[in-house]
Amino acid sequence: MLSIDKYAYNNLLAKWRPEVKGLLWLFGMIIAFQPIMVIKLIAIPTVAIATMWAVKVNFHQYLKWFYAVIPFIALSIIGIAVTLAPRADQVYGGIYMFGNYLGVAKSMLPLAEQLTLRITTAIVCTYWFALTTPFQQIILLFKHMHFPSLLIEETLLMYRFIFIFVDSFEQIYRAQQLRFGYANLRLSMHSAGILVKMLFEQVIINYQKMVYSLDAKLFTGEFTVQEDKI
Amino acid sequence: MIELEHVNFAYEDQPILKDISIKLGEEGQNVIGLIGQNGSGKSTMFLNLVGILQPTSGAIRIDGNTYQYDKKSLNELRQKVGIVFQDSEQQLFYSIVKDDVAFALHNLGLPEDEIVRRVREVLTQLDILQLKDRPIQYLSGGQKKRVAIAGILALHSEWLLLDEPTAGLDPDGTRRMIDLIEGLSKNGQKILISSHDMDFMYEIGDYFYLLQKGEIVRQGTSETVFADDEILKQCCLDQPWLMQLHQKLGLPLYSSKAQLFTDEQLITRLATLK
Ligand SMILES: Nc1ncnc2c1ncn2[C@@H]1O[C@H](COP(=O)(O)OP(=O)(O)OP(=O)(O)O)[C@@H](O)[C@H]1O
Ligand SMILES: [Mg+2]
């Protein structure tokens, strides 16, 4: 079972109306995509602390949930910021190669910073929502908003997928740690490489399994909500 | 009846099931056992039987109709053949027990009161009604297994495929599983069970198939399949202990532990040895 999911049922905000939480999340997204940086800088720690409080986890555990997504954020930021430039003063920390300078492009740096802040705000807010809102409530929310069922399906499968991802990450990381895979820097680098490779394979396998079980349960592409009669 | 005709299945280029031709569910065969060691292809065969995997060659038929792999036919097939996966965690999709059990019924589009009725019925049948509002991740392995079974049992499918239903269960859990299977088969439910738990299989099954490296090497009733120690050894399996008592100590062949321990004649005879 996906370990993160349990927090959604056992947090201080679990009983809040999903509409309220949904609106707050939307508000968070607006903050993430609006241009004023300072607001984001305030929002990130505020929402993070609110999440840790509501879900009753410490900072260390909270941070761990980010490990799984950090490589991807890092990759996209690096992709934007690192360039080859013809002149040394166009980049920071330039390394001369092939007649160009490889380094962090000065012109791109503000963009990279903006992007980092935006992504981080969005993720922090989404984690808050996902960790405080049970699966069923999310469906209910979408139904009330008359979302098309295809969109609901996509969103919920993605939601599930995130849990699969985090879960796979934890499993592999724990297995490596148990066998001293992170004992020193060299081993850590090596293990981290394997982790990323395994993660992709594992996620695909787990995803496949989920599809099998949805098939066995005659899933038609429409999620339903149970009225509380049973 | 499910018929397999020269079914072959390969993952990539690696053959897993080899030329399997069997008929499942003939008269008097309600509980059918598929026995084989780890990696012999049991789960793969199950996935073929519910149409999740498609044979590389050969055909599977249910009640005379060859499996079709379009969406509509598969949906019909899975209403006839329900599967409980080896890893029950894999099967559970929702986070609360009753929601998960109702999931497939909603997918079938049953009316709300019918769903409520069926969910209550299976939860009672499996003795887990008290768990209905619990988050699934806090349940024990055995409880999760029962929730997974409930979710499929609620479909009232003609066939029930149980992949390793006793794996990870304690003796009490295994006992309950035996009772459950016996109860279901009395009601005419057809059940196919995969396992390498020989004593469990011996007690529960009407008819058996021995699977080794993707081939059916032996089939028959318990007397024929479990009597041949040689072939079981080749398949890396043990003889059930009741069969061993019969063959090695010359006791009568009992069909269950209970039958052995209530055999008055044996008890009096053993008493004279003291
Ligand atoms: N997705 C897959 N891709 C490739 N090979 C696979 C895959 N799944 C299983 N196999 C291989 O197929 C063979 C049969 O596997 P299967 O899971 O059917 O065995 P099993 O009899 O169910 O074993 P167990 O008792 O361990 O559950 C094994 O050799 C396994 O390595
Ligand atoms: Mg198996």
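Residues numbered from 1 in each chain as written. Chains lettered and ligands numbered in written order. Predicted model: local features only at pLDDT ≥ 70, side-chain atom pairs only at ≥ 80, totals over all residues.

- Looking up chain B in an unreviewed UniProt entry gives the name ABC transporter ATP-binding protein, with the organism given as Furfurilactobacillus siliginis.
- Checking UniProt for chain B, the heading Subcellular location (unreviewed entry) contains the comment "Cell membrane". (UniProt positions renumbered as here; feature names shortened; annotations may be inferred.)

- If you look chain A up in an unreviewed UniProt entry, it shows as Cobalt ABC transporter, permease protein CbiQ from Furfurilactobacillus siliginis.
- Under the UniProt heading Subcellular location (unreviewed entry), the entry covering chain A gives this text: "Cell membrane".

1. Section: the site of ligand 1
Residue and element names in this part refer to chain B.
Piece 1. Around ligand 1 sit Tyr 11, Ile 16, Gly 36, Asn 38, Gly 39, Ser 40, Gly 41, Lys 42, Ser 43, Thr 44 and Gln 86, and those are all the residues in its vicinity.
Piece 2. Sorting elements by how many residues they give to the shell around ligand 1 places helix α1 (residues 42-49) first, with three residues.
Piece 3. Looking at the shell around ligand 1 residue by residue, the class counts come to two nonpolar, eight polar and one charged. (Near = placed C-beta within 6 Å. Helix = DSSP H or I, 4+ residues; strand = E, 2+ residues; numbered from the N terminus. Nonpolar A, V, L, I, M, F, W, Y, C, P; charged D, E, K, R; others polar.)

2. Describing the interface of chain B and chain A
How large an interface is tends to be reported as the accessible area lost when its parts come together.
Piece 1. Chain B puts 32 residues into the contact, and the matching count from chain A is 23 residues.
Piece 2. Top contributing element to the side of chain B that touches chain A by residue count: helix α4 (residues 97-108) of chain B, with eight residues.
Piece 3. Class assignment of the residues belonging to the side of chain B that touches chain A gives a composition of 16 nonpolar, nine polar and seven charged. (Contact = placed C-beta atoms within 7 Å.)

3. Quick word on unusual backbone geometry
Piece 1. A positive phi angle is found at Phe 180 of chain A, which is not glycine, with a value near 60°.
Piece 2. C-beta crowding within 10 Å serves as the criterion here: with 10 such atoms nearby, Phe 180 of chain A is assigned to the exposed category.
Piece 3. In this model, Lys 213 of chain B sits at a positive phi of 45°, which is unusual for a non-glycine residue.
Piece 4. Residue placement: Lys 213 of chain B occurs in the loop between β9 (207-212) and β10 (215-220).
Piece 5. A residue is classified by how many C-beta atoms lie within 10 Å of it, and Lys 213 of chain B, with 15 of them, is partly exposed. (Buried ≥ 20, exposed ≤ 12 C-beta atoms within 10 Å, placed from the backbone.)

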